[in-house]
Each structure stands twice: as structure tokens, then as C-alpha cells.
Amino acid sequence: MPLYPTAMKHVTAMLLAAASLTYAQAPGPIALRGARVVTVSGPVLEKGIVLLRNGLIEAVGENVDIPKDAWVVDAQGATVYPGLIDALSTVGLPETPAQPTAARTETPATPRFGAQDLPVPLEQGPQFRPFTTTWVRAADLLNPSDRRIEETRSVGFSSVVAFPSAGIFAGEGAFLNLSGEKQGRMVVASPAGQYVTLASHGFGTYPGSLMGVIAYIRQVSFDADHYKLELQAYASHPVGQKRPNYDRAVEGLLESPRLLLPADDAKQLDRMIRFAAELKRPTVLYGGHQAYKIADLVAKSGVPLLVNLKWPEKPKDADPDREESFRTLELRDRAPSTPAALEKAGARFAFYSGGTSAKDVRKALKRAIDAGLTEAAAVRALTLSAAEIYGVADRVGSIEPGKIANLLVVKGSLFDEKAKIQYVFVDGVKYEPVPETPPSGDREGRSAPGGVE
Amino acid sequence: MKRFVLFLLPLLEATLLPAAQTTVIRNATVITVTKGTFQGSILIRDGKIVEAGEKVLVPDGARVIDAGGQFVMPGIIDCHSHIAADSINEGAVAVSSMVGIEDVINPDDIDIYRALAGGVTTANILHGSANPIGGKCQVMKMRWGKDAQGLIFEGAMPGIKFALGENVKRSGSPGNGFGASPGLRYPASRMGVEDVIREALTEARAYQKEWRDYQAKVDRHEQAIPPRRDLKLEPLVEVLEGKRYVHAHCYRADEILMLLRVADDFGFKIRTLQHGLEAYKVAREIAAEGTGVSTFSDWWAYKAEAFDAIPYNAAILVRKGVLVSLNSDSAELMRHLNTEAAKAMKYGGLSETEALSLVTINPAKQLGIENRVGSIEPGKDADLTIFDKHPLSNYAKVEKVFIDGDLYFDREKDLEERPGKEARKKALIDKEKAQENKERKKPEPAEDKKTEEPGGAQ
Amino acid sequence: MKTRGEAPCAACLAIFLSLASLRAAGPDTILLRGATVHPVSGPDIADAAVLMRDGKIAEVGPRIAVPKGARIIELKGLHVYPGMIDSDTEIGLTEIEAVREMSDISDIGLFKPQLRAATAVNPASEHIPVTRANGITSVITSPGGGIVAGQSVLMHLSGWTMEDMAVRAPAAMRLEFPNIRTPNRFAAAAETPGRTSAYAEAKKRYEQQMRDLNDFMESARRYRQAKAAAGTGFETDLKFEAMIPVLDGELPMLIRAEREKTIKEAIAFADKQKVHMILERGAEAWKVAADLKAHNIPVILPPTLRLPDEEDNPYDKPFSIPGELFKAGVKFAFASFGPGDEDNPRNLPYEAAAAVGFGLPPEEALRAVTLYAAQIWGVGDELGSIEKGKWADLIVTDGDPLETRTQIKQMFIKGAAVDLDNKHHRLYEKYLAR
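Residue positions are given per chain, counted from 1 along the sequence in the order it is written. Written order determines the labels here, with chains lettered from A and ligands numbered from 1. Note on the predicted model: pLDDT of at least 70 is required for a residue's local features to be given, and 80 or more for side-chain atom pairs to be given and counted; whole-chain, interface and lining totals, by contrast, use all residues. Note that water and hydrogens are dropped before the side-chain values are worked out from all heavy atoms of the structure.

Participant: It is not clear to me how the pattern of salt bridges should be interpreted in this structure. Could you clarify?
Facilitator: All names here are of chain B. By definition, a salt bridge exists where a carboxyl oxygen of Asp or Glu is found within 4 Å of a side-chain nitrogen of Lys or Arg. Applying the stated rule across the entire model yields 92 salt bridges over all chains. Of the charged contacts in the structure, one is a salt bridge between Asp430 and Lys426, with a shortest N-O distance of 2.8 Å. A residue pair is termed a helical-turn pair when its members lie 3 or 4 positions apart in one helix, as Asp430 and Lys426 do in helix H13 (residues 411–441) at four residues. Segments assigned H or I by DSSP are reported as helices when at least four residues long, segments assigned E as strands when at least two residues long, and all are numbered from the N terminus.

Participant: What exactly am I supposed to notice about helix H6 (residues 199–229) of chain C here?
Facilitator: The α-helix winds at 3.6 residues per turn, so residues separated by three or four positions along the chain end up facing the same way. Residue and element names in this part refer to chain C. In this model, H6 (31 residues) spans 45 Å end to end at C-alpha, consistent with the 45 Å of a helix rising 1.5 Å per residue. Residues of H6 that are buried: Tyr199, Ala202, Tyr206, Met210, Leu213, Phe216, Met217, Ala220 and Tyr223. Note on contacts: a residue pair qualifies if any of its non-hydrogen atoms lie within 4.5 Å across the two residues. Residues of H6 that are buried make contact with strand S8 (148–156), strand S9 (166–176), helix H7 (238–247), strand S10 (253–256) and helix H8 (260–273). Expected helix span is computed as 1.5 Å times (number of residues minus one). Accessibility here uses a 1.4 Å probe with only protein chains present; expressed as a share of the type maximum, an area under 20% marks a residue as buried, one over 50% as exposed, and anything in between as partly exposed.

Participant: Quick question: what am I supposed to make of unusual backbone geometry here?
Facilitator: Omega for the peptide link from A:Ser190 to A:Pro191 comes to 0 degrees, which places this bond in the cis form. As for its placement among the helices and strands, A:Pro191 is situated in the loop between strand S10 (187–189) and strand S11 (194–196). A cis amide bond, omega 5 degrees, links C:Ala169 with the succeeding residue C:Pro170. Here C:Pro170 is to be found in strand S9.

Participant: What am I meant to see in the state of the cysteines here?
Facilitator: In a disulfide, the sulfur atoms of two cysteines are held together by a covalent bond. Residues and elements named next belong to chain B. In this description, a disulfide is simply a cysteine sulfur pair whose atoms lie within 2.5 Å. On inspection of all chains with the given rule, the structure shows zero disulfides over all chains. The thiol of Cys79 is not disulfide-bonded; the next cysteine sulfur, from Cys137, is found 9.4 Å away. The buried category is assigned to Cys79, whose relative accessible area is 0%.

Participant: Even after reading the chapter, I still don't get the interface of chain C and chain A, so can you show me in this structure?
Facilitator: If you look at the interface, chain C gives 14 residues, while chain A gives 14 residues. Both faces combined, the contact of chain C with chain A buries some 1,100 Å², and carbon together with sulfur accounts for 38% of it. For the salt bridge of C:Glu311 with A:Arg327, the shortest nitrogen-to-oxygen distance reads 2.8 Å. Polar contacts, as counted here, are pairs of nitrogen or oxygen atoms within 3.5 Å of one another; within protein the pair requires one atom able to donate a hydrogen and one able to accept it, and residues that are adjacent in sequence qualify only if both atoms are side-chain atoms. Summed over the shared surface of chain C and chain A, the result is three residue pairs in polar contact (both at pLDDT 80 or more). Residue composition of the side of chain C that touches chain A, grouped by class: six nonpolar, one polar and seven charged. A 1.4 Å probe defines the accessible area here, and the buried area is the portion of it lost by two parts on being joined, summed over both. Only Asp, Glu, Lys and Arg are considered charged, only Ala, Val, Leu, Ile, Met, Phe, Trp, Tyr, Cys and Pro nonpolar, and every remaining residue, Gly among them, polar.

Participant: What's the story with the packing of H6(C) against H7(C) in this structure? I'm lost.
Facilitator: All names here are of chain C. For every element, the axis is a line fit to its C-alpha atoms; helices are fit only across the contacting stretch, and the angle between N-to-C directions ranges from 0 to 180 degrees. Where H6 contacts H7, the axes come no closer than 9 Å and their chain directions differ by 90 degrees. As summarised for this structure, H6 and H7 are arranged roughly perpendicular, according to the angle between their axes. Mapping the contact onto sequence places Phe216, Met217, Ser219, Ala220, Arg221, Tyr223, Arg224 and Lys227 in H6 and Phe240, Glu241, Met243, Ile244 and Leu247 in H7. Looking at the contact of H6 with H7 residue by residue, the classes come out as eight nonpolar, one polar and four charged. Angle categories: roughly parallel below 35 degrees, roughly antiparallel above 145, roughly perpendicular from 65 to 115, and oblique for all the rest.

Participant: Got a minute to help me understand the sheet that holds strand S15 (residues 349–352) of chain A in this structure?
Facilitator: Strand pairing in a sheet is mediated by backbone hydrogen bonds. Such pairs are either parallel or antiparallel. Residue and element names in this part refer to chain A. Strands sit in the order S8-S11-S12-S13-S14-S15 across an open sheet of six strands; the sheet is mixed. The open sheet has two edge strands with one neighbour each: strand S8 (169–172) and S15. Put simply, the sheet's adjacent strands are angled 25 degrees from each other on average, direction ignored. When DSSP locates at least two bridges between a pair of strands, those strands are taken to pair. Looking at chain direction, strand S14 (residues 305–308) and S15 are connected through four bridges and run parallel. Of the residues in S15, the one forming a bridge with Leu306 is Ala350. Of the strands in this sheet, strand S12 (259–263), strand S13 (283–287) and S14 touch helix H7 (residues 266–279), which is tilted by about 155 degrees from S12.

Participant: Looking at this structure, I do not really get the confidence of the model for chain C. What am I missing?
Facilitator: Detail in the predicted coordinates should be disregarded across regions flagged by low pLDDT. All names here are of chain C. Known as pLDDT, the predictor's per-residue confidence is scaled from 0 to 100. Averaged over every residue, the pLDDT of chain C is 89; residues scoring 70 or more account for 89%. Low pLDDT (under 50) marks residues 1–5, which in the prediction has one contact with non-local residues, meaning those over four places away or in another chain. The low-confidence segment residues 184–196 (pLDDT under 50) makes 16 contacts with residues lying over four places distant or belonging to another chain. Interface scoring of the predicted complex returns ipTM 0.89; its pTM is 0.89.

Participant: It is not clear to me how the sheet that holds strand S12 (residues 299–300) of chain C should be interpreted in this structure. Could you clarify?
Facilitator: Residues and elements named next belong to chain C. Reading across from one edge, S6-S7-S8-S9-S10-S11-S12-S13 is the order of the eight strands in this open sheet, with mixed pairing throughout. Strands with a single pairing partner mark the edges of an open sheet, and in this sheet they are strand S6 (84–89) and strand S13 (332–333). Examined bridge by bridge, S9 and S10 share four bridges and lie parallel to one another. Across the sheet, the residue bridging to Arg174 is Leu254, located in S10. Along the sheet face, H7 touches S8, S9 and S10 and points at about 95 degrees away from the line of S9. Packing against the sheet, H8 makes contact with S9, S10 and strand S11 (277–280), and its axis sits at approximately 165 degrees to S11.

Participant: Just to check I follow, could you spell out the confidence of the model for chain A for this structure?
Facilitator: All names here are of chain A. Chain-level pLDDT for chain A is 85 on average; 83% of the residues reach the 70-or-more range. Considering only residues more than four positions removed or in separate chains, one finds that residues 17–24, a stretch of pLDDT under 50, has three contacts. Across residues 98–123, confidence stays below pLDDT 50; counting only partners more than four residues off in sequence or on other chains, it has 35 contacts.

Participant: Looking at this structure, I do not really get the packing of aromatic side chains. What am I missing?
Facilitator: Here the distance between the centres and the angle between the planes together describe a pair of aromatic rings. Two rings belonging to Phe, Tyr or Trp (six-membered ring only in the last case) form a pair when the distance between their centres is within 6.5 Å. Interplanar angles under 30 degrees mark stacking, angles over 60 mark edge-to-face geometry, and anything in between is tilted. For the coordinates displayed, the defined rule picks out 29 aromatic pairs over all chains. Ring geometry for B:Tyr113 versus C:Tyr315: centroids 6.4 Å apart, planes at 85 degrees, classification edge-to-face. Residue B:Tyr113 is found in helix H2 (residues 110–116), and its partner C:Tyr315 is found in the loop between S12 and helix H10 (317–327); the two belong to separate chains. Each member of the pair, B:Tyr113 as well as C:Tyr315, is classed as buried. Within the aromatic cluster, the residues linked to one another by ring pairs are A:Phe163, A:Phe175, A:Tyr195, A:Tyr286, A:Tyr352 and A:Tyr390. When the ring centre of C:Trp391 is taken as reference, the NZ or CZ atom of C:Lys56 above it lies at 4.8 Å. Its end group placed over the ring of B:Tyr347, C:Arg346 keeps NZ or CZ at 5.6 Å from the ring centre. We call a charge positioned above a ring when the Lys NZ or Arg CZ atom is no farther than 6 Å from the ring centre and deviates by at most 35 degrees from the ring normal.

Participant: Explain the side chain of C:Arg256 here, please?
Facilitator: Residue and element names in this part refer to chain C. Along the chain, Arg256 falls in strand S10. Side-chain polar atoms of Arg256 contact the side chain of Glu176, separated by 3.5 Å. Every residue in contact with Arg256, bar those within four places of it in the chain, is listed here: Arg174, Leu175, Glu176, Phe177, Asn179, Arg181, Glu280 and Arg281.

Participant: Which parts of the structure should I look at to understand the domain arrangement of chain C?
Facilitator: All names here are of chain C. Bear in mind that the domain bounds are from an automatic or database domain assignment. When cut into domains, chain C gives domain 1 (25–83 + 384–434) and domain 2 (84–382). The straight-line distance from the C-alpha centre of domain 1 to that of domain 2 is 30 Å. With 29 residues of domain 1 in contact, the opposing surface of domain 2 contributes 31 residues. Taking both partners together, domain 1 and domain 2 bury about 2,300 Å²; carbon and sulfur atoms supply 63% of that area. Applying the counting rule to domain 1 against domain 2 returns zero salt bridges. Across the contact surface, domain 1 and domain 2 share ten residue pairs in polar contact (both at pLDDT 80 or more).

Participant: Please clarify how the pairing of strand S7 (residues 136–141) of chain C should be interpreted in this entry.
Facilitator: Strand residues, when the strand is regular, have side chains that alternate between the two faces of the sheet. All names here are of chain C. Where burial is concerned, most of S7 is hidden: six out of the six residues are buried. Relative to S7, S6 runs parallel, the two sharing four bridges. For Ile85, the partnering residue across the bridge sits in S7 and is Ser138. Bridge count between S7 and S8: four bridges; the pairing is antiparallel. Of the residues in S8, the one forming a bridge with Thr141 is Val153. Where S7 folds back on S8, the antiparallel hairpin that results is connected by six residues, among which Gly145 adopts a positive phi of roughly 85 degrees.

Participant: For this particular structure, what's the right way to read H7(C)?
Facilitator: Residues and elements named next belong to chain C. Every buried residue of H7 is listed here: Phe240, Ala242, Met243, Ile244, Val246 and Leu247. Along its buried surface, H7 packs onto S8, S9, H6 and S10. The N-cap of H7, judged by a side-chain oxygen 2.8 Å from the amide nitrogen of Lys239 a few residues on, is Asp237. Of the residues one or two after H7, Gly249 is the one with positive phi, at around 80 degrees.

Now the structure itself:
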């Protein structure tokens, strides 16, 4: 008699557990069968099988033994791709980023326009670091219940690389899987890169101009080089030496595997490529709308480029009587041809949504393909290239045994007019696209990273 | 659309004609500026003037430009301009020597082409006048169509901008002057301006010493790490060592003298006083220093410190032995520096040659590039402007401009290309309109049904 | 002096003629002789003379008998031209632009027809001697700001008081036509945080201003009516008083409108309101040339020496506009007023010259700073050419006044010699001698 309730409790517990496991993760392996499989890293399989287990891809091929306990997903008439990667995003991060406040711990107060009682220092010393929060990490700020995670996933993305976006040195990004459950579970790699903007902050503050920002970034980079020397010298022989000051901003920069610098038009791309070479830091450029003009230069430099899928548009509030310049018109016309030009030149590039709503990403891609980008290159840019750029190509970005089970299953083919997304797998968990939420008012207004500076 | 791309390439393509050409400009009135004026021809090869004289043999295969009835002079040099740069001022700090025009060169600026069409071949692009010590300058050639690096005047001495007077004081205060009380940023008086400059140069001296001490250690094979690089002080050390020219924006006679004294105290010379509208009052002192003046022809009265400006400034300075150039500080004025030069004849009686020197050989000397440009002499760069009438006439217009022997501006060609350009623009506008209409008429494509689909395995 | 009686005998005629020439050769009688005279209204006359008396031009021609007591000025090898007229300046209203205390260009308010530039002109302004030293004898000085900015004055650049100087006070009622302000080049550029206003906002503002303007005109009409009816309770309103000559068509309305759309609207407005319009600073007048010609609206041009208004415009567009207007039969005058610090009224002739290389015949360029300007301002019978009966506003030069190298040797305004010395020249002498 006394065992029964306990047993019941156990059974109930097990059933519940089983139920939750079914919901969260199918017990045992999953097999996708009968689909066309675009592995990206290898040839396309016209009728292939992809076997997933424990969140990883176990096997892929035309003849794969499907274990008896596998949950078979019939994917006839569908195409399986690696899960798409949005290479620069704010998805998963809180919408209003924390303002960089007490960043300058030892420095004199920031000049605030209109504040007569704060004397502006004549000189800004080495510790003056305006708009700099290099140490902030996206991985620390994750909000798994961000509604956008689901929205982004529903359009085929299994991963985003999310970055803090405020200030000049905004902080370190993280390569995230869009599982949206546990914070820790979402992070694939962190830090992923230091997000840098060239935003100047108006005439009243330093830096107030583009050349001021560039000079500032250069100085910080040189300071980082020097700091390293100082630390090394001190570490090797601390006795009798003055110890170096702890410099949080520089520490944050030194931890960074790469810098992300904005470069939208051709002259900026040219500038930033040279700047990267001067700073001698691994760099990734983002923006790229006018790269079609200098695709060969970009390719030759070896600097990867994240192309913003939010193609330039006619401003909604334009004066209809004002004629736009040829330069502006030409950019709007030619920007979507940038990916094709980059492909042709052999440059390394990936895509990011840049403020385009998740569902408009497809339209944006279509424009690029209409302008000459091959579908294969489009898929690669959305998957393996992004993974390579962020140094995680060994674990994600293509359909290969051992890699993370991030997959996209599309009825038809991804670039079909009528393509329908059937499932997205993230870490081996199957998700179905959710019905579209009603448009929220702030979609247009929210500034996304990688916008035109 | 691809065809349009090909048509557009010339806009980007380096030159209208290949570089290593041999060219003869023939039958013109050649105004060399330094070696007189004559009827004759100029032989150009590999971007340089090989010969200029009354009788010049035309080599086989040379491109011949018949300039009969026309006037050739050296390409005009503008010693003070702010075109072709994406930033002009870094005004929030009193010393912004860490910034530089070289970081923000804008090769797409249409004002480059417009300057070219006004006969300018070289310009000194300066930081603005918001701070006592401003940013680094860049000498550029107007090589329209080249990228940023392609505009740089190779080998020109680096420069930096200093500024004195009202602009500097005003930059500190909110609301931009008009009797406002001293504002946010020091300095707010001419006294403060001097202080800022002295302090910065003093710091630079200390920084220089740091590096010398370090170098001494290294020479003694001692352990040492180099000092932290201070990008603000490095250009100032170069100034102290005579390796970077100072171009100082100034107006009042007293502030000019102040700056000359400061430079003396620190052991260097100011290269040019920019604007220097009251320089005529202290011409003697300026001449004794060997400092040059680069000024306007006749602007005055727009600011208090410009109230004593006179159009005779250039002439007085020339008579007192100062090296003088006329500049524009304006994308518009830049287009007619030839007629601005004529004003120095009207106001002060300079000769034709003296007047034309103000916009050719003199600014070349001020910028330290006179071995390359500024006059028509064998060995110099083939930077030449052809006018249809005498350049000092208001009726003259520029027909052709050569830089490094390449034809960068050709009025005839410009006129021919206009209908094509308009047509291309119209085609883009029409294309976009058609696209908009199509979007409006087409119903929204069926959304991906995000609802559950039967048939998928479960 | 007419002889009475029948046909005079030859001797009487001779006596009469010599008596006539002896008549009142007072201190204001001056004979300029030996120069090439450029009347502008007709062909040039070599080795000619101009007789000035009582401030007017009494004779022009190759041979003029010298009245007794007249002062003779020999001008062999020199030239005589009409004094030039600058149709858009702020001379006398501001001394140093950057110093607000020294500026009287505009006052508060949108509708200020009663404000008169003539009142605020400082006859002792240094700009006057500086400007006239280069051959400009009269200018239009205009108030600015708001929608109806006030009354412009046409004045000689010489005189102790405005009574001495004024030629026409008022010369016009100035209106800055409402337009939708869109960001200018600088605001749109990367550097400055732009004070751009959204198009929709700007459009609303513009529509309100148009309503206000039309209301204002309507009120002015009603006032005029009420005044004419002279009923009881009628109160004088200085604002509307100032508008009466405009409504009567006697005082032209000087309307500033730069872009095509604004110009078209201004033309329609002038039509509807039945006012006599002069277009000012019409940068895009070339786009509306046919309309302007059809309505006989003359144009006061913005400076020729300016940058093209649009990035894609040909580099020489501003230089070629006067030529285009000339071909379209539109009447225009050059003016020096331009945006920024660069306007220097003494350079007016060079604005005219700059258009010559690009399609404007040189004689037309000269006319557009002399005769046409006078005609546009309704003083074509008094100024603008060397013709008998007009004011003796003349300059003596050593060449073409539109060329920079030319020196202005002498100047006469209303027949009196004008001192061409000025502060600049004095400073020159002083410091050359240091």
C-alpha cells in the first residue's frame, strides 16, 4: 500500500519527464529522409538522409543506415540546408542597450553640452575613453525570451551573431544558436568580435568628426599594443618596476578575436581595408553596399565583408521636387549586385539582416540573385562563410558529421517564390515556423547594427 | 543595365588617356611664370615637361594638342581648401593634432572636378579653424577619378593646421558667438589661444625627450620598452623638428606677431600664415621671419577681425619681400583663382607675372613642392592649364587641364558627354519608377504559411 | 529759350546760339572730353564728350561746344561708362556680418511691409566708399527675414543723408516667397548634425505660410477698400498703408523665389494678386524662362560665381544661365548678393563678366549692370545709360569695367565728382610706407 503512491509519483514524474523531453527533444536519433540535401561543404545530394543525435549531425549521405529507434521525418520534396546564420544582429539582446556610463573611471567628467560647471579639460589624457565599452559581452546580456528569436528562426535562421551596438567600441559579440531557452545553452562562441562604429557625437564632444573617431580608434589600438608590452615587461621582471595601470578598455580590446568596422561605400571600404592593415588586427568589415565598385580590391585584401541585406531605399520622407543625385540613384540600383561582384572576385563575404525584418530577408536575397549572385554562393554566404568568418566553421555552418545539428528544411527550394519553411533545427531540436505576429509599430524605427553611419 | 556600367566606368577610370604618353601642346601663348612668356609649344613625356620653347620638335607618335590662339599656364595651386574630405573640423578639443585629413580623403567629391574645371591642379586640404592646434593637412592633386590614395601628392611635406582668433574662440561657446559669454571650451580669448599652443608644444618637447631617452637606452643596449605612442603629440614633435609645416589661420596683426614669437621660442618657423588679413601691417616682421602668407584677394568685413582687411594685402606683402599666395578657402572661389590673381594687379599694381605667381609658383614654394610644380620648366610635372583667353581676363575659360601629363579635364569632352549623362540618369529614374509601379500593382506574394502543415512527419 | 517772331536771321541765330552756350555755366557744369564714351543705350563713340549740368547729362556726342565757365576734364585714352547698378545688396544695413549689433537687416515678425530699409541705412558705412571705388554708383538695399520683409530702397552711393542718396524710396516691396525648405548640402553631409526637418513637417509649415500670406493680401485689400470708402471708425494701419501702392500696381513686389516650383507659385500669386512682380535670386529661373517671358517678369540674378545648385548639374551651369535667359528673351540684371561671406558688392562687374564666356554677349553683360537694372527698377528714364536728360552717374576708366585689371579713375554721381578714396586705400598707403 505505501509503495503505490510513491511509485505513482515516480511514474508520473517519468511520464512528465518523458513528455517534456518529447516537447524539447525527441529521445534518440532523428532522421530526415528523402530530401535534397545541400551540404555546402560537399556536393549536393539529390535524395539524401541526414541523421541527428544528441544535438549533433551523426551522418549524412544517400545511403545512411537509419537506426530503428530513430524518429523519421519524411522530407520528400523538401530541401535541407545548414541553418542560416545572420552574421550581425541584435537579436537576443535587450532592445535598449545599456548606456556606456561610468566607462571613464579616472577621467575628468565628460563634457556635457550646456553644463557650465564642468570645466572641460584642456588635454584629454591617455585614460580618456569616450563611448567605449569594450568589455561588455553580448553573451552576458542575453534575453532568451526575446520575441525576435522566434521570428528570426521562423524565417530559416538557426544562428545569429549578436553584438552590443552603442558607442564607438560597443563590446564583444557572441555567436548564438536561436534555441531561446537557456542563456548558457545559446552561446556557441564568445567573444566573437568587437563591434566598432564610426559614430561621431556632434561638434560639442570628442570625437565629433569622422577623422576624430578614426584617430581615437587608432590611439586605443596603439595603447593596446603598448599595454601588452608593458604587461609582458612587468610580468617578466616585476621587481623594482612601476606597475602598469589597469586599463579596462584596452583589456577588453585585447581579448577580442577580431574587430568589426563599418564600411558601406567604396571609399570607406578602401579606407577601412588600409586601416585594418595599419592596426594589424584581424578585421571584418560590415555594410558593403558599394563593394560592387571595388570587389577585386576587397577580394585581394582578404578582409571578409558582411553584406547588409537592407538594400538602400528611397527615403520615405523625400521632397518629391528635389532631384536625387546620380550617385544616390546608382547606388540604389547597383547595391544588390554587390554579392554577385564579390562572388565573381572571389571575396569572402556573408550576409546580415541589418534591420530588414526577418521576412523581408528573402526578398532582399532575391534581388541579389536577380542581379547575378548564384544560389550556391548565396547559400554559402548565409551559412559556411559566416561560420568561417567567425572561426566556428569546424562546428557549424555545413551539413557534415560531427557538426552542430542546425538545419533548415524548406518545401521546394529556398529561393523559390513559393518556398515554405517546414522546420528549423537548432542544436538538434525541431522547431516549426510560428504564425506571423501582427506588425509591431517599432519595426521601422529601431536602429539595427550595421546601419549606414 | 550592364551597358550602363560600362559607360559609367570612365567616371572612375583613372585617366582619359594613358599615362606614359608623349604629348605636344602646340602654338600657344606659353606663360611659364618663372621664365617669361612666349609663343610656342610644350613637349611632355612620362608625365613631365621635357621641353618648352618657341620651336619644339614633335616626336613621332606624339599626341598633338593644337592650342592655337590659346594660353597655357602652370596648373593653379590653391594653398587653402577643404574639398575632398569627409571631415573638416574636430572642434571639441583645443588640440586635435591626432586627427588628419589623410584618414578621410573623399575622392568622390564633385568639387574636385569643379576645381579642375577652374584650372586647379594641386590643393592643400586643411583641417578647419575650430582649434588653436588643429589636425594634419594633406596636399592633393586634383586627379579626378582616382581613389583616395591616388589623390595624394606624393612626397609633399606633411602639414598641420594652427588657428588663431575668432573662429577658435567661438568654437568653444554654444550658439556660435554673437557676443556670447565664454563658453564650454578653453580658450575663449586670444590670451588663452597662446597658452594652449605653448602648453601643447611644451608637452611635445617632453614627449620628444621621452623618446630620446628611450633611444639612448636602446643604444646602450639597456632593457626598455618604448614610451606609449601619443598620436596627438607626435605631429607636434615633427613641427619642433622642422619635419611638418605649420599653416596658421590668423587675422589680426597682433596675433600674427604672437605666433611668430611662440615659434621662435620653440625653435621652428611658421611656414605660412593663412588668411593673415592684417599681415600687411606687420609685413616687415613677417618678411624677417621668412614666413609666407596665403591670403584672400578681397574678402573683408564678414567678421570683426576682418574689418581692416584690404585688397592691397598681397601687393604690400610682395613689395616688402614676403612670399605670398592667394587662396580660396572655398569650393566656389577655387574655380576662378586666375581672376582673383588679377585683383592684385588692380589693388597694388603687381605685374602680370607677379600676379600669376600668387597662384602658381608661390604656393608651390610655400608647400615645398616647387621642384615639382608651379611653373612651366623642363623637369617639372606636366600640370598645365589651357585657357581660351588670357588667364587674367574675366572672359577667359578653361579648355583643358593636364596633371602628370594626363588630360583630366577637357571642356569639349565635358560638353559632349552631357546628353549621355542626362540620359543615363533619366534611365535610372524611369527604371525605379517602373519598379515602384510594378510593386504597387502586384498583390503581396502569398506569405509562407506559418501554420501547421499536414503531411509532415510528426 | 525760344525766339519770338518769325524765322530768325542767320546772325541772330549765331548770337542766340553763343548766348545760349553762355547761359548759366555754374559750378556744376563739367565737360568730360577726349574719351571713348560708352552710352550703353547706343553704339560707342570714340573721342567724344559728355556735358554734365545741374546733375544731369546735358549733352553727349563727338563735338560739344564748351559752355563758358565749365570745368573741362581731359580724358584722352580713357573711357566713360554709366555708373553701375547693383540690384541686390545689404549695403548700409550691416557693417560686420558676424556682429549682430551691427546688423539691421531684419526685424522680428513675418509680415513687416511698413519697415523701410531706407531708414536703417547708415550713410557713413564704410561699405559705401569701398563699393563705389569699383564703379558702382547706385544699389538696391533690401531688408530681409520673414515673409514680407519690408521696403527696399534704390540709392546712390554718395550723400550725407538718405535725402541726398535716395533715388527711389521705396523701390519695391520685398517678399520672401514661402517654400518647402529641404536640407541643404551641408546639413545632409556627414559632418554636422543636420537641422533637417522632415518633408512632411516642412510641407505643413509651408502650407500655413501660404495661407497666412493670402490672408494678409486679402486684409490689405479690404483695408484699401475701407480707406477709399472713408467710412466712420476707419483707423490707419501703417502695415496696410504700406501695401496700398503695391495693390495699386505702382510699387513692384520684389519676390525671392529660387527653385522652379517656388517661382511658378510666385508667378501665379502675382497674377492672382495683380501685383507687378520682379523675381529675385531666381537660381532656377532658366527652368521657367518661357513663363517669365510670357508674364514679362524681370529677374534679379543670384551671383554668377557660385557653385551649381545640384551635384549633377554641369560645372558651368551658373555661368551659362544668364546666356540662356538672354536667348529666351527674359530681362535680367546682375547682383552681388549671395549666401555666405563671399558677397562683395564691389565685384558686381565680375559677376557680369563671368557669364560672357558662356553664352552672354559682352554688351548684354554691361547692359545688365546698367540700363536693364535701371529699367527693371522703373528709373530707366533717369539712370543706366549716358543719354541726355538722365542723371550724370558716370565712371571714367582705363578700360573695360567688367575686367578686373581696369582701374576706375573718376566717378560722378548726379554730376558731382565723387571721392574714390576709401579706408582700404588709406590703409594701403599707410602701411606701404611703414
